[in-house]
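Coordinates in review
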Amino acid sequence: MPALSFSSLRYRPRSRISGFLGIAVLSLSFFAQPVLAETPKEEVVAEPMAVNLAEQVSAVVRLLFVGDVMLADGPGRAIAGGRDPFAEFADEFGQADIRIGNLESPIASGGKADAEKLYVFRASPAVIDRLSGRFDALSIANNHAGDYGHEAFLETATLLDIAGIKAFGGGRNLAEAHQPFIIERSKLKIAVLGYNEYKPRAFEAGPDWPGIAWSEDSHVVRDIRAARAAGADIVIPFMHWGWEGERSPSARQRQLARLMIDAGADAVVGSHPHVTQGSETYKGKPIVYSLGNFVFDGFDTDAEREGWLLRLTVSKEGVRHWETVSAYLDADGLPRRAKPAVPAAAASPTVPATPATPATPEAPAAR
């Protein structure tokens, strides 16, 4: 092996330079090679979840039901004197989207009292002003709708219509009497049906004569199913049923309430007994058997002078929330929030001049 000398090392840097140049050329050559473009990945865009969730949340409609509203006698005199029967609960009426009650007296100037009834009522047409703006609909399916005959019955429906209040549970013929009150709001379609089953059955509508919708089981089931088939998201029968003064629902009421829910009803609401009757749920759906009295005089007991307002919140899924609010009748038969300190002085209901036919077990004298 030759000895290393300084002179021989002098030329090595040239070799290094050459090597570096070669590496540089190779490096440039490498980097100069065409690079295959990667397939671009699909860009992920954030979904507007808040909007989508909002679309999935069902809209709700707030309903308010009250029980028997009788605007003759004491309440009629109070209205004539300037009182507003509904002022005490203006907040509940104002917060509801739809307000519904049971009109327990014809509103008319015409007609003739039924001489065979012990208690008959007829309110002055002037009371319409107090109902207007408070109620969206009133059931006329009850045992006092015919107190002054067909003439007063039809006058009542006409006056309500002029005031922008829908009368349901009765009509100019059988088909009209069974038509539901339809509510279309917030993309919801709600059907409210009205029926009476307190005997006698004499004032039932017929094929070509006016009257009320009678609570015949097969007809009620048919009407509920028809409302569903017509696109109703919510169906609520408003019943006039049960025995007066009974604090608990009868076996008949319980049976029919379940039948209606099995047929497609989302809730069942009742009135007529002049007392509240409690509530229950069946298949997750509420049944409020009786709301009691809301505007009515002539009663002596605390139970008769207390009624309920029913607040229902509904959506496409059914009843979302419900609660009752108590109301107490004063001496004039008008509802108050606080129970009157002094018992109400019961006023005597209007009695026809002709002696009444004695009540039978099937059809006791009824208010």
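Here the residue numbering is sequential within each chain, running from 1 through the sequence in written order. With the structure being a predicted model, the display of local features is reserved for residues of pLDDT at least 70 and the display and counting of side-chain atom pairs for 80 or more, all residues being used for whole-chain, interface and lining totals. Computation of side-chain values: all heavy atoms of the structure, hydrogens and water removed.

Focus: the overall build of the protein chain
- Helical segments are the DSSP runs of H or I of at least four residues, strand segments are the runs of E of at least two, and each set is numbered from the N terminus. Counting secondary structure elements, the protein chain contains 10 helices and 16 strands.
- Only protein chains enter the area calculation, which uses a 1.4 Å probe; residues under 20% of their type maximum are buried, those over 50% are exposed, and those in between are partly exposed. For the protein chain, the residues scored as buried account for 47% of the 367 residues in total.
- Between two residues, a contact is recorded if the distance between any of their heavy atoms is within 4.5 Å. Look at the contacts in the protein chain between residues 6 or more apart in sequence, and 73% of them connect residues 24 or more apart.
- Entry remark: accessible area of the protein chain is about 18500 Å², with carbon and sulfur atoms responsible for 55%. Note on areas: Shrake-Rupley with a 1.4 Å probe; residue coverage comes only from the protein chains shown.

Some thoughts on the pattern of salt bridges
- The term salt bridge refers to a side-chain nitrogen of Lys or Arg lying within 4 Å of a carboxyl oxygen of Asp or Glu. Overall, the coordinates contain 23 salt bridges when judged by the stated rule.
- In this structure, D84 engages R134 in a salt bridge whose closest nitrogen and oxygen atoms are separated by 2.6 Å. In this pair, D84 sits in the loop between α4 (73-80) and α5 (90-95) while R134 sits in the loop between α6 (128-131) and β3 (137-139), placing the two residues 50 residues apart along the sequence.
- One salt bridge in this structure joins R305 and D302, with 3.2 Å as the shortest N-O distance.
- The buried category is assigned to R305, whose relative accessible area is 9%.
- Among the residues examined, D302 registers a relative accessible area of 45% and is labelled partly exposed.
- Here the salt bridges share partners, and the residues they tie into one network are R83, E88, D330, D332 and R336.

Let's talk about the layout of surface pockets
- Estimates place the volume of the second largest pocket at around 250 Å³.
- Contributing to the lining of the second largest pocket are 13 residues, with E197, Y198, K199, W243 and R252 lying nearest its centre. Grid points spaced at 1 Å and placed over the protein atoms alone form the basis of the search, with a cavity being a set where a 1.4 Å probe fits but cannot get out and a pocket an open set showing protein on both sides within 12 Å along at least five of seven lines. Lining residues have an atom within 4 Å of a point. Grid points are joined across faces, edges and corners, and a volume is the space filled by probe spheres set on the points.

Some words on the packing of aromatic side chains
- Between the rings of Phe, Tyr and Trp (Trp by its six-membered ring), a pair exists once the centres lie within 6.5 Å; its type follows the angle of the planes, with under 30 degrees stacked, over 60 edge-to-face, and the other angles tilted. A complete count under the given rule lists 13 aromatic pairs for this structure.
- Considering the side-chain rings of F168 and F181, the 6.0 Å spacing of their centres and the 20° angle between planes classify their relative orientation as stacked. With F168 in strand β4 (residues 166-168) and F181 in strand β6 (residues 181-185), the pair connects residues that are 13 residues apart, well separated along the chain.
- The exposure class of F168 is buried, given its relative accessible area of 1%.
- Note on F181: relative accessible area 8%, which makes it buried.
- Taken together, the ring pairs connect F86, F89, F93, F135 and F294 into an aromatic cluster.

A look at the nonpolar core
- Put simply, buried Ala, Val, Leu, Ile, Met, Phe, Trp, Tyr and Cys residues joined by side-chain atoms within 4.5 Å make one nonpolar core. Counting residues in each nonpolar core, the largest one holds 33 residues, and the members touching the most others are L71, L131, F135, L160 and F294.
- Secondary structure elements with two or more residues in this core: β1 (61-69), α4, α6, α7 (149-162), β13 (293-295) and β15 (318-329).

Regarding helix α9 (residues 217-229)
- The end-to-end C-alpha distance of α9, which contains 13 residues, comes to 18 Å, matching closely the 18 Å that a straight helix rising 1.5 Å per residue would cover.
- Considering only its buried residues, α9 is in contact with β7 (188-196), β9 (234-240) and α10 (251-263).
- Phi turns positive, to about 100°, at G231, one or two residues after α9. Any helix carries an expected span of 1.5 Å times its number of residues minus one.

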